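Chain residues, written in single-letter form:
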Amino acid sequence: MDIETYRRHGLHRNFNEVNPDGVVNGRANAEIANAIDTPGDAHYHPCPEASKRPDVADGTVRSIRGYTASTVFPNSRRDMWIYTPAGLERHRDPPGLIVFNDGAFYLDRNGPARATRVLDNLIAAGELDALVGVFVMPGARQGAKGERDRRDQRSVEYDSMTDDYACFLAEDVLPLVEETVGRRLATEPARRAICGISSGGICAFNAAWHRPEAFGRVISHCGSFTAIRGGHNYPYLVRSTPRKPLRVFLQSGAADANIILGSWPLANQEMAAALDFAGYDYRFEFGIGGHNLRHGGALFADTLRWLFA
């Protein structure tokens with residue numbers, strides 16, 4: 001399609017920003033709320049490795065509140081947390097890395113993923129090498145007036161198909177992480193992962209797509225490979241671009257979101273089919289749940305084992 005036709009159809013505009021409360025054919029994007037808690041989700045519970053084990057020491061979580069020093073997303077403020085496993089000083093090799101978008105959801109000790117507890121247990125059992133976890137929240141622009149402004153900034157950071165977020169991590173966040181931990185991180189892409197849910201899921205894939213030398217492992221829970229900022233084009237890009245050295249975990253469910261912007265179940269099936277077509281090392285788990293972390297949390301320990309195997 002030529003650019004003039006593309007613009008005439010309004011395809012260059014983001015529907016959420018142009019008409020965030022719009023109703024079309026009696027349907028609205030607000031219907032995503034119907035997918036947040038579905039009957040199928042009752043089948044999923046945090047994995048056993050998400051529970052405290054008396055013989056496993058807790059890792060350390062350092063909090064960085066109100067971070068404003070980004071050069072990639074200036075005039076924004078965000079919170080971050082940095083996890084280091086117990087006994088990291090005994091590991092001679094540089095630790096691996098896993099970044100969590102929407103980090104507070106994965107960090108929550110009472111949530112469906114409970115990522116630090118899973119990392120504690122898998123590392124202590126020798127099933128994972130030492131990993132530093134970085135839990136990053138999307139930024140809020142200075143002067144943001146409400147929840148809509150915060151959602152818009154999250155979408156700019158997470159849904160955009162540019163390399164901005166990958167650069168933000170590489171140039172702003174990871175040097176700060178190394179300074180905070182006092183250790184250099186592993187440089188091998190196979191020891192560096194990025195994880196997220198919904199828009200954070202496509203963001204994880206997008207960061208690795210642009211910077212496979214920085215992130216060789218991807219976890220996308222209910223990834224938004226839909227028409228938010230062009231992410232619905234990824235299946236074609238995967239099929240038509242020389243294969244990148246990535247290992248990709250995708251998860252979605254039959255009751256995932258289905259709104260004006262697209263069908264998440266179909267979009268994730270399209271992504272899985274594209275990865276298979278192009279010969280990627282991937283795994284796709286399609287369940288019966290909705291647009292949340294419950295299924296992904298139930299599989300989280302097995303996901304990490306597979307991802308870093």
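Rules used in this analysis
- Residues numbered from 1 in each chain as written.
- Predicted model: local features only at pLDDT ≥ 70, side-chain atom pairs only at ≥ 80, totals over all residues.
- Heavy atoms only, no water.
- Helix = DSSP H or I, 4+ residues; strand = E, 2+ residues; numbered from the N terminus.
- Rg over C-alpha atoms; globule rule 2.2 N^0.38 Å.
- Buried < 20%, exposed > 50% of the residue type's maximum accessible area, 1.4 Å probe, protein only.
- Contact = heavy atoms within 4.5 Å.
- Areas by Shrake-Rupley, 256 points an atom, 1.4 Å probe, with all protein chains shown as cover.
- Lys, Arg positive; Asp, Glu negative; His and termini not counted.
- Charge placed at Lys NZ, Arg CZ, Asp CG, Glu CD.
- Axes fitted to C-alpha atoms, helices over the stretch in contact; angles between N-to-C directions.
- Parallel < 35°, antiparallel > 145°, perpendicular 65-115°, else oblique.
- Left-handed = near helix turned anticlockwise from the far one by under 90°.
- Nonpolar A, V, L, I, M, F, W, Y, C, P; charged D, E, K, R; others polar.

Draft legend 1. Here's a closer look at the overall build of the protein. Helices and strands together make up the secondary structure of the protein, namely 11 helices and 13 strands. A compact globule built from 309 residues should have a C-alpha radius of gyration of about 19 Å, and the protein, at 19 Å, falls within 12% of that. Taking the principal axes of its C-alpha atoms as reference, the protein extends roughly 60 × 40 × 40 Å. Put simply, the protein has 309 residues, and 52% of those count as buried. Expressed as a percentage of contacts within the protein between residues at least 6 apart in sequence, the contacts between residues at least 24 apart total 78%. Summing over all exposed atoms, the protein offers an accessible surface of approximately 13,900 Å²; the carbon and sulfur share of this is 49%. Placing the 35 positive and 37 negative side-chain charges of the protein at their respective mean positions leaves the two points 2 Å apart.

Draft legend 2. Layout of the environment of Ile228. Examined against the element boundaries, Ile228 turns out to sit in the loop between β9 (217-221) and α8 (234-240). Ile228 sits in the buried class, given a relative accessible area of 8%. With 72 residues separating them along the chain, Ile228 and Val156 place their C-alpha atoms 9.9 Å apart. Excluding residues that lie within four positions of it along the chain, Ile228 makes contacts with Asn14, Ser155, Asp159, Ser199, Leu261 and Trp264.

Draft legend 3. Examining the packing of helix α4 (residues 115-124) against helix α11 (residues 300-308) more closely. At a minimum axis separation of 10 Å, α4 and α11 run at an interaxial angle of 55 degrees. It follows from the interaxial angle that α4 and α11 lie oblique. Seen from above, α4 lies across α11 with right-handed handedness. Contact residues: Ala115, Val118, Leu119 and Leu122 in α4; Phe300, Ala301, Leu304 and Arg305 in α11. A breakdown of the residues in the contact of α4 with α11 according to their chemical character gives seven nonpolar, no polar and one charged.

Draft legend 4. Summary view of unusual backbone geometry. Residue Asp102 is not a glycine yet carries a positive backbone phi of 50 degrees. Take Asp102: its relative accessible area is 2%, and that puts it in the buried class. Even without being a glycine, Ser198 presents a positive backbone phi close to 60 degrees. Relative to the helices and strands, Ser198 is located in the loop between β8 (192-197) and α7 (199-210). Since its relative accessible area comes to 12%, Ser198 is described here as buried.

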